[in-house]
Protein chains: 4
Amino acid sequence: MEFQTKIGKSIPDKIYVHGYNLTEDLIGNITLADMAFLGAKHRKPTENESKMLNALLVAICEHGFTPSSISTRLTYLGAPESVQSAVAAGLLGAGTVYLGAMEYVAEMLQKAFQKYGEEYDIKELASIIINERQESGQQLPGFGHPVHKPEDPRTTKLFEISEQLGFNGKNSQLLKEIHRQFCEKKGKTITLNAVGAIGAIMADMEIDYRVVKSFAVASRAVGLVAHIAEEIEHGRKDSIGQQLFNYIEEHTEYQG
Amino acid sequence: MEFQTKIGKSIPDKIYVHGYNLTEDLIGNITLADMAFLGAKHRKPTENESKMLNALLVAICEHGFTPSSISTRLTYLGAPESVQSAVAAGLLGAGTVYLGAMEYVAEMLQKAFQKYGEEYDIKELASIIINERQESGQQLPGFGHPVHKPEDPRTTKLFEISEQLGFNGKNSQLLKEIHRQFCEKKGKTITLNAVGAIGAIMADMEIDYRVVKSFAVASRAVGLVAHIAEEIEHGRKDSIGQQLFNYIEEHTEYQG
Amino acid sequence: MEFQTKIGKSIPDKIYVHGYNLTEDLIGNITLADMAFLGAKHRKPTENESKMLNALLVAICEHGFTPSSISTRLTYLGAPESVQSAVAAGLLGAGTVYLGAMEYVAEMLQKAFQKYGEEYDIKELASIIINERQESGQQLPGFGHPVHKPEDPRTTKLFEISEQLGFNGKNSQLLKEIHRQFCEKKGKTITLNAVGAIGAIMADMEIDYRVVKSFAVASRAVGLVAHIAEEIEHGRKDSIGQQLFNYIEEHTEYQG
Amino acid sequence: MEFQTKIGKSIPDKIYVHGYNLTEDLIGNITLADMAFLGAKHRKPTENESKMLNALLVAICEHGFTPSSISTRLTYLGAPESVQSAVAAGLLGAGTVYLGAMEYVAEMLQKAFQKYGEEYDIKELASIIINERQESGQQLPGFGHPVHKPEDPRTTKLFEISEQLGFNGKNSQLLKEIHRQFCEKKGKTITLNAVGAIGAIMADMEIDYRVVKSFAVASRAVGLVAHIAEEIEHGRKDSIGQQLFNYIEEHTEYQG
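Residues numbered from 1 in each chain as written. Chains lettered and ligands numbered in written order. Predicted model: local features only at pLDDT ≥ 70, side-chain atom pairs only at ≥ 80, totals over all residues. Heavy atoms only, no water.

## Some details on unusual backbone geometry
Residue and element names in this part refer to chain A.
Then, number 1: The step from K149 to P150 runs through a cis peptide bond, and the omega angle for that step is -5 degrees.
Then, number 2: Within the secondary structure layout, P150 lies in the loop between α7 (122-136) and α8 (153-165).
Then, number 3: Although it is not a glycine, H18 sits at a positive phi angle of roughly 50 degrees.
Then, number 4: You can see H18 is positioned in the loop between β3 (14-17) and β4 (20-21). (Helix = DSSP H or I, 4+ residues; strand = E, 2+ residues; numbered from the N terminus.)

## Section: the pairing of strand β2 (residues 8-11) of chain D
Residues and elements named next belong to chain D.
Then, number 1: When β2 meets strand β3 (residues 14-17), the two strands line up antiparallel, connected through four bridges. Each residue of the ladder has a partner; that of I11, found in β3, is K14.
Then, number 2: The turn linking β2 back onto β3 is made up of two residues. (Pairing = 2+ DSSP bridges.)

## Some thoughts on the pattern of salt bridges
Side chains that differ in charge, positive against negative, can pair when their charged atoms come close.
Residues and elements named next belong to chain B.
Then, number 1: Taken as a whole and assessed by the stated rule, the structure comprises 44 salt bridges over all chains.
Then, number 2: Notably, a salt bridge pairs R180 with E177, separated by 2.8 Å at the nearest N-O pair. Taken as a pair, R180 and E177 lie in helix α9 (residues 170-186) at a separation of three residues, close to a single helical turn.
Then, number 3: The partly exposed category is assigned to R180, whose relative accessible area is 38%. (Salt bridge = Lys/Arg side-chain N within 4 Å of Asp/Glu carboxyl O. Buried < 20%, exposed > 50% of the residue type's maximum accessible area, 1.4 Å probe, protein only.)

## Comments concerning the interface of chain A and chain B
Then, number 1: Across the contact, 80 residues belong to chain A and 80 residues belong to chain B.
Then, number 2: Both faces considered, chain A and chain B share a buried interface measuring about 6,600 Å² in area, 74% of it formed by carbon and sulfur atoms.
Then, number 3: Our count for the contact surface shared by chain A and chain B stands at 16 residue pairs in polar contact (both at pLDDT 80 or more).
Then, number 4: Here the residues of the side of chain A that touches chain B are counted per class, giving 46 nonpolar, 20 polar and 14 charged. (Contact = heavy atoms within 4.5 Å. Buried area = accessible area lost by both parts, 1.4 Å probe. Polar contact = N/O pair within 3.5 Å; in protein donor to acceptor, adjacent residues only side chain to side chain. Nonpolar A, V, L, I, M, F, W, Y, C, P; charged D, E, K, R; others polar.)

## Concerning the side chain of E62 of chain D
Then, number 1: Within the fold, E62 of chain D resides in the loop between α3 (47-61) and α4 (67-78).
Then, number 2: One buried charge, E62 of chain D, has no salt-bridge partner; the nearest side chain with opposite charge is R73 of chain D, at 7.0 Å.
Then, number 3: Polar contacts involving the side chain of E62 of chain D include one to the main-chain amide nitrogen of G64 of chain D, which spans 2.6 Å.
Then, number 4: Side chain to side chain, E62 of chain D and H227 of chain D meet in a polar contact 2.9 Å long.
Then, number 5: For E62 of chain D, the contacting residues outside a window of four places in its chain are I7, V17 and M35 of chain C together with G223, A226 and H227 of chain D. (Lys, Arg positive; Asp, Glu negative; His and termini not counted.)

## Concerning the packing of α4 of chain D against helix α11 (residues 209-234) of chain D
Axis angle and axis distance: for two packed helices, these are the angle between their axes and the distance between the axes, and together they describe the pair.
All names here are of chain D.
Then, number 1: Their axes nearest at 10 Å, the elements α4 and α11 cross at an angle of 45 degrees. As summarised for this structure, α4 and α11 are arranged oblique, according to the angle between their axes. α11 is crossed by α4, and the crossing has right-handed handedness. Touching S68, S69, T72, R73 and Y76 of α4 are R220, L224, H227, I228, E230, E231 and I232, all from α11.
Then, number 2: Each residue belonging to the contact of α4 with α11 can be placed in one class, and the counts come to four nonpolar, four polar and four charged. (Axes fitted to C-alpha atoms, helices over the stretch in contact; angles between N-to-C directions. Parallel < 35°, antiparallel > 145°, perpendicular 65-115°, else oblique. Left-handed = near helix turned anticlockwise from the far one by under 90°.)

## Some thoughts on the packing of helix α3 (residues 47-61) of chain C against helix α10 (residues 194-204) of chain C
Residue and element names in this part refer to chain C.
Then, number 1: Across the interface, α3 lies against α10 with an axial gap of 11 Å and an inter-helix angle of 160 degrees. It follows from the interaxial angle that α3 and α10 lie roughly antiparallel. As α3 runs across α10, the sense of the crossing is left-handed. In this structure, α3 uses M52, L56, A59 and I60 to contact α10, whose residues at the interface are V195, I198, I201 and M202.

## Observations concerning the pairing of β3 of chain A
Then, number 1: Only one face of β3 of chain A is buried, namely the one carrying I15 and V17 of chain A, since none of K14 and Y16 of chain A on the opposite face is buried.
Then, number 2: The turn joining β3 of chain A and β4 of chain A, which pair antiparallel and follow one another in sequence, is formed by two residues; a positive phi near 50 degrees is taken by H18 of chain A.

## Description of the packing of aromatic side chains
Then, number 1: As enumerated under the stated definition, the model contains 18 aromatic pairs over all chains in all.
Then, number 2: Ring centres of F143 of chain A and F182 of chain A lie 5.3 Å apart, and the angle between their planes is 20 degrees; this geometry places the pair in the stacked category. Linking F143 of chain A in the loop between α7 and α8 with F182 of chain A in helix α9 (residues 170-186), this pair joins segments that are 39 residues apart in sequence. An identical accessibility class is assigned to F143 of chain A and F182 of chain A; each is buried.
Then, number 3: On the numbers, 6.0 Å between centres and 85 degrees between planes, the contact of Y247 of chain A with F3 of chain C is edge-to-face. Here Y247 of chain A is found in helix α12 (residues 240-250), whereas its partner F3 of chain C is found in strand β1 (residues 3-5) on a different chain.
Then, number 4: Its relative accessible area of 0% is what places F3 of chain C among the buried residues.
Then, number 5: Site record: aromatic cluster; members linked through ring pairs are F3 of chain A, Y247 of chain B, Y247 of chain C together with F3 of chain D.
Then, number 6: Sitting above the plane of the F159 of chain A ring, K176 of chain A keeps its charged end 4.3 Å from the centroid. (Phe/Tyr/Trp six-rings, centres within 6.5 Å; stacked < 30°, edge-to-face > 60°. Lys NZ or Arg CZ within 6 Å of the ring centre and 35° of its normal.)

## Re the relation of the copies chain A and chain B
Then, number 1: Each copy of the sequence occupies a distinct position, and chain A is placed on chain B by a rotation of 180 degrees and an axial shift of 0.0 Å, giving an RMSD of 0.0 Å. Seen this way, the second copy is the image of the first under a two-fold rotation axis. Every residue of chain A has its C-alpha some distance from the rotation axis, and the shortest such distance is that of A88 of chain A, at 2.2 Å.
Then, number 2: An overlap of 100% is found between the interface residues of chain A and their copies at the interface of chain B, pointing to a shared contact surface. (Least-squares fit on C-alpha atoms with pLDDT ≥ 70 in both.)

## Focus on the sheet that holds strand β4 (residues 20-21) of chain C
Through backbone hydrogen bonds, the strands of a sheet pair up, either in parallel or in antiparallel fashion.
Then, number 1: Strand order in the open sheet formed by three strands is β2-β3-β4 (chain C), and the pairing between neighbours is antiparallel. In the strand order of this sheet, the two ends are held by β2 (8-11) and β4 of chain C, each with one partner.

## Remarks on the side chain of K157 of chain C
Then, number 1: Tracing the backbone shows K157 of chain C in helix α8 (residues 153-165).
Then, number 2: Of the side chains bearing the opposite charge, E160 of chain C lies closest to the buried K157 of chain C, which forms no salt bridge; the N-O distance is 4.1 Å.
Then, number 3: Contacts of K157 of chain C, omitting those with residues within four sequence positions, involve T23 and I27 of chain D.

## Quick look at the sheet that holds strand β2 (residues 8-11) of chain A
Then, number 1: A sheet is described by the order of its strands in space; here three strands give the open sequence β2-β3-β4 (chain A), paired in antiparallel fashion. Single-partner strands in this sheet number two, and they are β2 and β4 of chain A.

## Some remarks on the interface of chain D and chain B
Then, number 1: Counting from both sides, the interface comprises 28 residues of chain D and, opposite them, 28 residues of chain B.
Then, number 2: Between chain D and chain B lies a buried interface of about 2,200 Å² when both sides are counted; carbon and sulfur atoms form 55% of it.
Then, number 3: Among the residues chain D hides against chain B, the three largest losses belong to F3, Y254 and Q255 of chain D. Together they make up 30% of the total.
Then, number 4: Counting residues per element, the ones that place at least two in the side of chain D that touches chain B are β1 (3-5), β2, β3, α5 (83-92), α12 (240-250) and β5 (252-254) of chain D.
Then, number 5: Residues that form the side of chain D that touches chain B fall into these classes: 11 nonpolar, 12 polar and five charged.
Then, number 6: Note that strand β1 (residues 3-5) of chain B and β5 of chain D share three bridges and pair parallel. Following the sheet pairing, T5 of chain B is matched in β5 of chain D by Y254 of chain D.

Shown next as structure tokens:
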């Protein structure tokens, strides 16, 4: 019995990763983000793919004080000896509510082309999707933002880059058309948010929707470094975690 | 009362991260790995710093089947709806045993220069550290590898790159000298492993040893994308997680 | 602004938890499992509720070598300094696949009574649920088991106890009737598994279905103590985690 | 090759756990906490052991709003579909800072008896330990509390119960003597905290210090049920997690 994998193999003087020699082909030649691409596609990205992917993951990396990054800081407060726990705790908050839409958008688009792609054009497809969702009571993912209204500046930038690098493919076009029709129906502009845009562009990079979210999670892990670093800089007593904890202690009302 | 942070701020049409405008200065201009640098140092890396950092994180990203990546696969088997849990579970195994040495090496070197840096040269410093560790019964971190003997190919490559890019500073020189003297004492070549080399180079990039490990953890998160992607490709029934589980079930002997 | 909570309050010489004095009313008077009940219902369980709850949680506590407990052991191998990480990693595998059904059963039953409870009797209700699920393509939760066929001995035991203690209420009766009709339809006996039985009994204990799974997760955390203890007893080299890791290393075939 | 375990085995109509028949010997006969005892000692606890253990774990179960329970609530806010993630995130904050002392106390006591137990009486042992710790610059674990001064009501209660049930053994006596001498030296009463008392009593129950903390972690998992339940009761918008998040958003000052 054998566990078969494309991931890697080590011998005393060489390490192979997805068919590449780690020291000859990868270290010094590709970026960290490209390792995720390599994992998902078993080949190095082209230069444009690498640029696009780095742009997407830089866009999604840092979200300031979110439930997720606050959990990281609080966990660091209780377990400073275990930085990996602080990062892990932060990732655990990246559930359906904040990051889920990236996967849902990619899924919606990829499945639409799989199911109807040969029969309908983009306009018709957009209309079909909007109607299907409405009938089944499902929300359209990727729309709306509490702060960035009527436009998410990341969306604008990312679509600009994807245009330049050749990734403004059918998935992005479909999402934009869904957005256009949806706003028309609503009679007002709803933000096409960054998470939505990223889902569409990743679909155009031919990344399977089921893997999409793991890219976002990895990017978040990179972003959480900043939060741990800032807690260390502030020092335990003045850390955000400790201050928050103090604030809660002073403002809790027991109703027992 | 205010929570003060350098991390970021969002207004409707702009996002600021560490003093930069996210869409103008960062997206499309820097790599994902640079976001971790930005978090730790509050400035964008230079081109050489970015190259060096990407090389380090690519080197540490993928480790094949380790307890950590197997936990990710097993967790994915039980909770495929929660990719972030699979990544988090994998990170939790990145404790003192496998990744700790990166931080310990950086700590050993940075503290040595802080304490004795002005009085002694590299040779003397190396000797002092070896003796201090020996007396207190503490191991020297960063040495030894189960597979890569007598040389870790990643160490060779990374020191080559750090030489080219201008990061072969005093910390790397001190670690190499400790290594030289240590092997001399032992009368044989002990591997200076990649984790050790990375700790030294990060120290030469002036990254605080307390933050060093969080970079490694973030890199692992990126590496775990490949493991989730491969489980998805194999399909549930033929996934490594499922196969492993089957194997265990068939080979367990109950001694109740 | 105040954070209002029923959970607890500490003053120098007293601790209040859900309206009780911790040292006078709880320590020495109630069991650990009762603390979860207290959390969900803001009152101490009656003697029968405590017996029932302990029986349910004992039944679900230990599952031998599952993806979840193996993750705990592998995490312990990499991070023995952080026992909480090992437990957390184990819990993360308790997703929809293995434990989800407990919540889904409770939800199915509680919602059925909420929606149709006044109009139909148990037989009619069971038939409605089976039909609704069939039409919408949703599986019936709580049925089937890979080992325990045609009967799950825990189900038999738990329903026996719930009968004795007075918890064989409408939810359990409805689940049993769904089971009866479902088997009749299939023309063979499908196991009513323990997870299903527990979901029904917890519904009869009037525990909200949205809280049900957190009881199971807590019980699993208790069960994981045994796995950490056994790894410690075996010693690192002979631990299951290490043996498994060795086996994988020897049986991996790289297809790069 | 075989994985040998005392934990359990399932056959179609029976489940064995640590040598017991789960449905005949355990379900309905023992409490949830006893399952942890069974895991650590491979035998059911006596009635007194069960009472003692439940008292200890009830005492440590709930800590109100701590970094740990707040992480659970914040994680639930981001990933309500994954209750196990919320519990896991909460456990990850149970590191060296808040719970570590339980293990350190048990370790200090068990090692003291192992090393010096035959030569010295309790008074001498206490003095040796205090001096050793002072010389090596190590803190004495188990002393001090921010709120419960000069006495921790849980300590008083737990020692009272351990006295009644026959667990006031040499470990507890040694800790009390260390406490007496330590306060005498300091010239004032320092709290002997609950975590310290529990470490000593668990040592007297002959639970290996390396397993002690996993009991505490399991107990916390049970305690976190209350926090998830309360978030559900409050409803998303009024949940503590959401309120806290709002507060932080409004009170963050960006210094970019």
